[in-house]
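# Overview (structure and organization)
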Amino acid sequence: GWFGDKYKRNSDNSSLGDGKVDTGKLPGGIRKLVDDARQYKVKFGIWIEPEMANTTSELYEKHPEWILKAPLREPVLGRGGTQVVLDLGNPQVQDFIFNLVDTLMTNYPEIDYIKWDANMAIMNHGSDYLPKDEQSHLYIAYHRGFENVCRRIRAKYPELTIQACASGGGRANYGVLPYFDEFWVSDNTDALQRIYMQWGASYFFPAIAMASHISAAPNHQTFRTIPLKYRIDVAMSGRLGMEIQPKNMTDEEKELCRKAIADYKMIRPVVQLGDIYRLLSPYDRLGAASLMYVAPEKEKAVFYWWKTEHFCNQHLPRIRMAGLHPDKIYKVTELNKIDNQPLDYEGKAFSGAYLMANGLEMPYNHKVDYHKLSDYSSWVLYLEEVK
């Protein structure tokens, strides 16, 4: 709704590149949205896709030479049957993209967060800007231009939070980390599959960069229905976010999420800046997965355990912890509690040596009212040194 004037953005087949408010959808423009967010004490974020255009757009009408395509050939079109990628090797395109962001931030300095999308890979291997003998330099020219834009934005707006999206567009790479605060791991937010995805991604990227959101059930891609606690426990192992409509949640679910967000803010330094220890890989197919983060001084840690399969008379391996100081004593606190009775070791203290040699017995199922029972179970334990 915030862009598209001559061509209205009513589907994904038009208006990319046209940064003009559709006053039919937003009579008060972006300013009204920003003011409403301030009124409710919410920081304001906005979605943009600045590297792209649609062939149905004012931008393409004015500058058809700005898109990537092989000379003398029709462009291969992407999403919506009209999407194309702008040629970032062209300094004019670089200026256009920087000015788009700069104009937004100048007009609405309250913008705190930008989701920078990239819903099409480079499918047209050619440039009207590069000379004939440099067509093979397309990728190099593109990414140098992209970095130049990012460098200019960061120089002027160092505090702006920017998410690189989408991982499906190849944006989860080291080259963008100096300029983007996080990347979107996948549009697949199914919590069970996210255990596998984030396990793999964390071999290369820290939790502070992996956007991991609590989403709705049934999941919009797998249609799997996973209990909220399990979704929370998975999302809290990365950079926690919310991808769910509060209006569709019960009061009990809202309260569980409020508590989870507060607890995540407490453990965030450990998760995002601590050392990761892999305890049981989901790829070992042993029915569970487990990892933990430990603070550099080893005075705090967060332990995660997720059941990944469910059978009668199931036997799961006991998980021994890692990375703790053997001589420190750690108090155990469960986060995101839903059970009718606490864990046997809730509030008790154990030595690091014991936890690393023996671990703690994890219940296979949650002790909740009958109508809340499910085949999913997960646990998050916060360990804090007793001084």
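Residues numbered from 1 in each chain as written. Predicted model: local features only at pLDDT ≥ 70, side-chain atom pairs only at ≥ 80, totals over all residues. Heavy atoms only, no water.

Once that is clear, we can look at the overall build of the protein. When its secondary structure is counted, the protein shows 8 helices and 14 strands. Seen along its three principal axes, the alpha-carbon backbone of the protein occupies a region of about 70 × 50 × 40 Å. Residue pairs at least 24 apart in sequence account for 67% of intrachain contacts in the protein once pairs closer than 6 positions are excluded. Looking at the protein as shown, the accessible area adds up to about 19000 Å², and 53% of this sits on carbon and sulfur atoms. Taking the average location of the 47 positive side-chain charges in the protein and that of its 49 negative ones, the two points are 2 Å from each other. (Helix = DSSP H or I, 4+ residues; strand = E, 2+ residues; numbered from the N terminus. Contact = heavy atoms within 4.5 Å. Areas by Shrake-Rupley, 256 points an atom, 1.4 Å probe, with all protein chains shown as cover. Lys, Arg positive; Asp, Glu negative; His and termini not counted. Charge placed at Lys NZ, Arg CZ, Asp CG, Glu CD.)

Counted under the stated rule, the structure contains 24 salt bridges. Linking Lys-32 and Asp-36 is a salt bridge whose minimum nitrogen-to-oxygen distance equals 2.9 Å. Taken as a pair, Lys-32 and Asp-36 lie in helix α1 (residues 29-39) at a separation of 4 residues, close to a single helical turn. When the shortest N-O distance is used, the salt bridge between Asp-95 and Arg-152 registers 2.8 Å. With a gap of 57 residues between them, Asp-95 in helix α3 (residues 91-107) and Arg-152 in helix α4 (residues 138-156) connect regions that are remote in the sequence. On the accessibility criterion, Asp-95 (34% relative accessible area) is partly exposed. The class of Arg-152 is partly exposed, set by a relative accessible area of 28%. (Salt bridge = Lys/Arg side-chain N within 4 Å of Asp/Glu carboxyl O. Buried < 20%, exposed > 50% of the residue type's maximum accessible area, 1.4 Å probe, protein only.)

The next point concerns unusual backbone geometry. Residue Ala-217 is joined to Pro-218 through a cis peptide bond whose omega torsion reads 0 degrees. For Pro-218, the position within the fold is in the loop between β7 (210-215) and α6 (228-235). We note that Lys-41 has phi near 60 degrees; this positive angle belongs to a residue other than glycine. On the secondary structure map, Lys-41 appears in the loop between α1 and β1 (44-48). According to the relative accessible area criterion, Lys-41 is exposed, its value standing at 78%.

Glancing now at the sheet that holds strand β5 (residues 161-164). Judged by pairing direction, the sheet is parallel, and its 6 strands sit side by side in the order β1-β4-β5-β6-β7-β8 without closing on themselves. A single partner strand is all that each edge strand has here, and the edge strands are β1 and β8 (239-243). The mean angle between the axes of side-by-side strands here comes to 35 degrees, regardless of whether they run parallel or antiparallel. With 2 bridges connecting them, β5 and strand β6 (residues 182-184) associate as parallel partners. Along β6, the bridge assignment pairs Gln-163 with Glu-182. (Pairing = 2+ DSSP bridges. Axes fitted to C-alpha atoms, helices over the stretch in contact; angles between N-to-C directions.)

In this section: the packing of aromatic side chains. In this description, an aromatic ring pair is defined by two values, namely the gap between the centres and the angle between the planes. The final tally for this structure, using the stated rule, is 12 aromatic pairs. Arranged with centres 4.8 Å apart and planes meeting at 70 degrees, the rings of Phe-183 and Phe-205 form a pair that is edge-to-face. Taken together, the residues Phe-183 in strand β6 and Phe-205 in the loop between α5 (191-201) and β7 connect sequence positions 22 residues apart. A network of ring pairs unites the aromatic residues Trp-116, Phe-146 and Phe-180 as a single cluster. Geometry around Trp-184 places Arg-194 over its ring, the cationic atom sitting 5.1 Å from the centre. (Phe/Tyr/Trp six-rings, centres within 6.5 Å; stacked < 30°, edge-to-face > 60°. Lys NZ or Arg CZ within 6 Å of the ring centre and 35° of its normal.)

By themselves, these are just geometric observations and shouldn't be taken as functional.
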